[in-house]
Amino acid sequence: MANERRVLSVASECVPLIKTGGLADVVGALPAALAAVGWEMRVLLPAYRSLRAHLTDMAEVWSDQDLFGGQGTVYFGVLHGLEVYLLDAPHLYDRPGGPYAGPDGDWADNAMRFAALSWVGAAIARDGIQGWKPEVLHAHDWQAGFAPAYLTYSGSGGACSVLTIHNIAFQGWAPASMIENLRLPSEQFYPGALEYYGGISSLKAGLVTADRITTVSPNYAAELMRVEFGMGLQGVIAARAEVVSGILNGVDEAVWSPQEEPISYSVQSMKGKAANREALCEELGLSAPHGPLAILVSRLTDQKGIDLLAGVIPEFVASGGALAVLGSGDPSLEAALRGLVAAYPGKVSVTIGYDEALSHRFFAGGDAVLVPSRFEPCGLTQMYGLRYGTVPVVSAVGGLADTVIHASPAAMAAGVATGIVFHPVDAIALGQALRALTQLYSNPKEWAKVQKNAMRQDVGWAGSALAYAQLYEGLVK
Ligand code: ADP
Ligand code: GLC
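Here we summarise the structure given alongside this text. One numbering rule holds for all chains: residues counted from 1, following each sequence as written. The naming scheme follows written order: chains are lettered A onward, ligands numbered 1 onward. pLDDT decides what is reported in this predicted model: residues at 70 or higher carry local features, side-chain atom pairs at 80 or more are listed and counted, and totals for whole chains, interfaces and linings draw on all residues regardless. Each side-chain value is worked out from all heavy atoms of the structure, with water and hydrogens disregarded.

This part is about the overall build of the protein chain. Only DSSP runs of H or I reaching four residues or more are called helices, and only runs of E reaching two or more are called strands; each is numbered from the N terminus. Counting its secondary structure elements, the protein chain contains 18 helices and 20 strands. For the protein chain, whose C-alpha radius of gyration is 23 Å, the value lies close to the compact-globule estimate of 23 Å for 477 residues. Referenced to the eigenvectors of the C-alpha coordinate spread, the extents of the protein chain come out at roughly 65 × 50 × 45 Å. Only protein chains enter the area calculation, which uses a 1.4 Å probe; residues under 20% of their type maximum are buried, those over 50% are exposed, and those in between are partly exposed. Each of the 477 residues in the protein chain was classed as buried or not, and the buried ones make up 59%. The criterion used for residue contact is that any of the two residues' heavy atoms lie within 4.5 Å. Summarising the internal contacts of the protein chain: among those between residues at least 6 apart in sequence, 72% fall at separations of at least 24. A gap of 5 Å separates the mean positions of the 31 positive and 45 negative side-chain charges of the protein chain. Put simply, the radius of gyration uses C-alpha atoms, and a globule should come to 2.2 Å times the residue count raised to 0.38. The sign given to each residue is positive for Lys and Arg and negative for Asp and Glu; His and the chain ends receive no count. By convention, charge coordinates are those of NZ in Lys, CZ in Arg, CG in Asp, or CD in Glu.

In structure tokens form, the structure reads like this:
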């Protein structure tokens, strides 16, 4: 299909160039998914130190000597099949460490660093760049939150804006005294516009100015308007309810496919799954459990409910289960997990670190994937679990509730169950969920049914890409 329509995605992460979480997966997957429905999506990213090597293969297309305190230059090129603009601004991005933090924690000038990214995104959308002018600017999370605000306050050139919330926990806060340095109009500093608890939040700025607001599941879109999930922004979002919608993330089915794993298997022939399990147990030093092998692949943060494991794993391993964790993050959670390994050698394995290839072996070899999140805008690992027949055990929040059907007696009888869903998010309910898992696993026929239902779910991008295309089309009409 000819690409007649143009959208600029403004983000801080994009697979395979730079990733700290699911945001990167989504930003990296959307361009191909949207191309299939007639939209050309280019991605604007900061040229972090780790990305600067790419600049030599790219063309300089824009520059500004005074981009928030230094030279900013935009380069364009095709990297890993993606059409990418890299914003090179060494005073902001040429630093050691990750996108948001260096060796000593978060960069103190993050508000400025991502205001610059948003400023350039808005400039490209407003004026076009070398003949390429997008009709829509699609901003992701707080890092791009100022982009719709700049379009609103400094001229849009006819471009429309969409802001997607991937995680409301990060809001991009800056003191009120920075308003002019952030190139925002000080007369807009009032509660109905830029003011946020006495300061400025780039996410709020985006929420009040974007033409459309989306988040990554329908359920999270509804949750965000409630005090338990909105994290202070529930009123702002509820006030714009008529432009808020939820569009589920997909997974890249070419990358996440049991048929593509070294020991392959499929819904028609599940033999390979047992071989993957055996290989994974051996790799991790686990004695093959007679109960389910539960895996967990995650950032280790409060959001993910990792702290609940200590209370439930003793009973789970006593009843024959085993646990394998791959993750990194909060040192106290890492220590608690190491404590479980020491207490249950051969039954619990913890790999601290980030390892994409190993995560594939986890999904191929695990029987179940645990996602006990306190909140989860969408969540990707439960969807990998569905693809791999690695039965998801999830809390009933956000996108988890939208993507997994609980194996209740009625759902089993109807043949639609795809996993285990528990609520509320506490150790008692998680403990019950693990008991239900162990019981289901002990009935091979029923277990196989749930695995197959899971594997037959459509978790690809096609439907969601169409939903984004319709959203954009509704805007530019
Ligand atoms: P979030 O974005 O909140 O971290 P998601 O479930 O949306 O949660 O996305 C997390 C992504 O990061 C998934 O692709 C998951 O497989 C991956 N991931 C998280 N931790 C690790 C790890 N330690 N090693 C490999 N992949 C990981
Ligand atoms: C966030 C959320 C996660 C979501 C991801 C991609 O990091 O925590 O639930 O899947 O963004 O949208």
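Before going further, it helps to examine the pattern of salt bridges. A pair is scored as a salt bridge if a Lys or Arg side-chain nitrogen falls within 4 Å of a carboxyl oxygen belonging to Asp or Glu. Considering all chains together, one arrives at 18 salt bridges under this definition. Ionic pairing is found between Arg52 and Asp94, a salt bridge with its closest N-O pair at 3.1 Å. Of the two residues, Arg52 sits in the loop between strand 2 (39-46) and strand 3 (59-64) while Asp94 sits in the loop between helix 2 (90-93) and strand 6 (101-102), which places them 42 residues apart along the sequence. The class of Arg52 is partly exposed, set by a relative accessible area of 27%. Residue Asp94 is classed as partly exposed on the basis of its relative accessible area of 24%.

On to the layout of surface pockets, then. In this analysis, the protein atoms alone were mapped onto a 1 Å grid. Cavities are point sets where a 1.4 Å probe fits without being able to get out; pockets are open sets with protein on both sides within 12 Å along at least five of seven lines; lining residues have an atom within 4 Å of a point. Grid points are joined across faces, edges and corners, and a volume is the space filled by probe spheres set on the points. Estimated volume of the second largest pocket: approximately 380 Å³. Around the second largest pocket, the lining comprises 20 residues; the ones closest to its centre are Val15, Asp25, Ala29, Asp252 and Val255. Of all the secondary-structure elements, those providing two or more residues to the lining of the second largest pocket are helix 1 (22-35) and helix 12 (356-365). Tallying contributions element by element places helix 1 first for the lining of the second largest pocket, with five residues. Charged residues are taken to be Asp, Glu, Lys and Arg, nonpolar residues to be Ala, Val, Leu, Ile, Met, Phe, Trp, Tyr, Cys and Pro, and polar residues to be all remaining types, Gly included. Across the lining of the second largest pocket, the residue classes tally to eleven nonpolar, five polar and four charged. When we break the lining of the second largest pocket down by domain, the ones giving at least three residues each are domain 1 (5-250 + 461-476) and domain 2 (258-455). Residue ranges assigned to the domains are those given by an automatic or database domain assignment.

With that settled, consider the nonpolar core. In this description, a nonpolar core means a group of buried Ala, Val, Leu, Ile, Met, Phe, Trp, Tyr and Cys residues linked to one another through side-chain atoms lying within 4.5 Å. One finds Leu44, Tyr85, Leu86, Leu182, Leu184, Leu207 and Phe362 to be the most contacted residues of the largest nonpolar core, which totals 119 residues. Counting residues per element, this core draws most heavily on helix 3 (residues 110-127), which supplies twelve residues. Mapping this core onto the domain boundaries places at least three of its residues in each of domain 1 (5-250 + 461-476) and domain 2 (258-455). Those residues in contact with Leu207, other than ones at most four positions away along the chain, are Leu163, Ile165, Ile213, Leu233, Val236, Ile237 and Arg240.

Time to look at the site of ligand 2. Proximity is defined per residue: if any heavy atom of the residue lies within 4 Å of a molecule or strand, that residue is considered near it. Around ligand 2, a shell composed of Gly22, Leu23, Val26, His166, Asn167, Val216, Asn249, Gln303, Glu376, Pro377, Cys378 and Gly379 is seen. The definition of a polar contact used here is a pair of N or O atoms within 3.5 Å, where within protein one atom must be able to donate a hydrogen and the other to accept one, and adjacent residues in sequence count solely through side-chain atom pairs. Taking Glu376, its side chain carries an N or O atom lying 2.4 Å from an oxygen atom of ligand 2. Interatomic distance of 3.4 Å between a backbone N/O atom of Pro377 and an oxygen atom of ligand 2. Residues belonging to the shell around ligand 2 are distributed by class as follows: five nonpolar, six polar and one charged.

What follows deals with the sheet that holds strand 10 (residues 173-175). Any two strands are treated as partners once DSSP identifies two or more bridges connecting them. What the three strands build is an open sheet, ordered 10-12-11; its pairing is antiparallel. The outermost strands of the open sheet, each flanked by one partner alone, are strand 10 and strand 11 (195-196). Where strand 10 lies against strand 12 (residues 199-201), three bridges are found, and the strand directions are antiparallel. When the bridges of strand 12 are listed, Trp173 appears paired with Ser201.

Near ligand 1 you find 21 residues, and of these Gly22, Arg299, Lys304, Gly353 and Tyr384 are the closest. With respect to ligand 1, the side chain of Asp25 contributes an N or O atom lying 3.2 Å from an oxygen atom. A distance of 2.8 Å separates an oxygen atom of ligand 1 from a polar atom in the side chain of Tyr384. Residue exposure ignores everything except the shown protein chains as possible cover, and the areas themselves are Shrake-Rupley values with a 1.4 Å probe. Coverage of ligand 1 by the protein chains reaches 93% of its 560 Å² of free accessible surface. If one sorts the elements of the shell around ligand 1 by residue count, strand 15 (residues 293-300) sits on top with three residues.

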